[in-house]
Amino acid sequence: MTATEKKFTFRLKLTQQQFLRYYQGSASSVQVRSETGQTLQFPAYRLRSFLTASGIEGRFALIVDQDNRFIRMEKLS
């Protein structure tokens, strides 16, 4: 992570059925609360790579630039 990047961590648990709304396009963004209390909103398609047969579950890090533009998302646990 560079000095100009910001990292937000959050936990997420979605069943495969819950994520289906996002995958089908009926919902376009996901809103979560970070572990430090900030509300984060990002496009749902950013989570597709984390989808398993049981859904999406774990602790994640959202890394953005100084203008809050998406850089990457990582699964931490």
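The following paragraphs examine the structure supplied in this document. Since the structure is predicted, the reported quantities are computational estimates derived from the model, not experimental observations.

## Some words on the nonpolar core
Logical step 1: Among the nonpolar cores identified, the biggest contains 19 residues, and Phe10, Leu12, Phe42 and Leu47 are the most heavily contacted of them.
Logical step 2: Secondary structure elements with two or more residues in this core: strand S1 (6-14), helix H1 (16-24), strand S2 (29-33), strand S3 (39-43) and strand S4 (56-64).
Logical step 3: Apart from the residues lying within four places of it in its own chain, the contact partners of phenylalanine 42 are Phe10, Ser28, Ser29, Val30, Val32, Leu47, Leu62 and Met73.

## Topic: the pattern of salt bridges
Logical step 1: The full count for this structure, using the stated rule, is five salt bridges.
Logical step 2: The partner of aspartate 65 in a salt bridge is arginine 69, with the nearest N and O atoms 3.1 Å apart.
Logical step 3: With a closest N to O distance of 3.2 Å, aspartate 67 and arginine 69 form a salt bridge.
Logical step 4: Relative accessible area serves as the criterion here: at 48%, aspartate 67 is assigned to the partly exposed category.

## Concerning unusual backbone geometry
Logical step 1: Unusually for a residue other than glycine, asparagine 68 sits at a positive phi of about 65°.
Logical step 2: Following the sequence through the fold, asparagine 68 ends up in the loop between S4 and strand S5 (70-75).

Criteria and thresholds
- Residue positions are given per chain, counted from 1 along the sequence in the order it is written.
- At least 70 in pLDDT is required for a residue's local features to be given in this predicted model, at least 80 for side-chain atom pairs to be given and counted, and no such filter applies to totals for whole chains, interfaces and linings, which use all residues.
- Computation of side-chain values covers all heavy atoms of the structure but excludes hydrogens and water.
- Here, nonpolar core means buried Ala, Val, Leu, Ile, Met, Phe, Trp, Tyr and Cys residues that are tied together by side-chain atoms lying within 4.5 Å of each other.
- Only protein chains enter the calculation, and the probe is 1.4 Å; a residue is then buried if its accessible area is under 20% of its type maximum, exposed if over 50%, and partly exposed in between.
- Every helix listed is a DSSP run of H or I at least four residues long, and every strand listed is a run of E at least two residues long, numbered separately from the N terminus.
- Here a residue-residue contact requires only that any non-hydrogen atoms of the pair lie within 4.5 Å.
- One speaks of a salt bridge when a side-chain nitrogen belonging to Lys or Arg is within 4 Å of a carboxyl oxygen belonging to Asp or Glu.

By themselves these figures say nothing about function.
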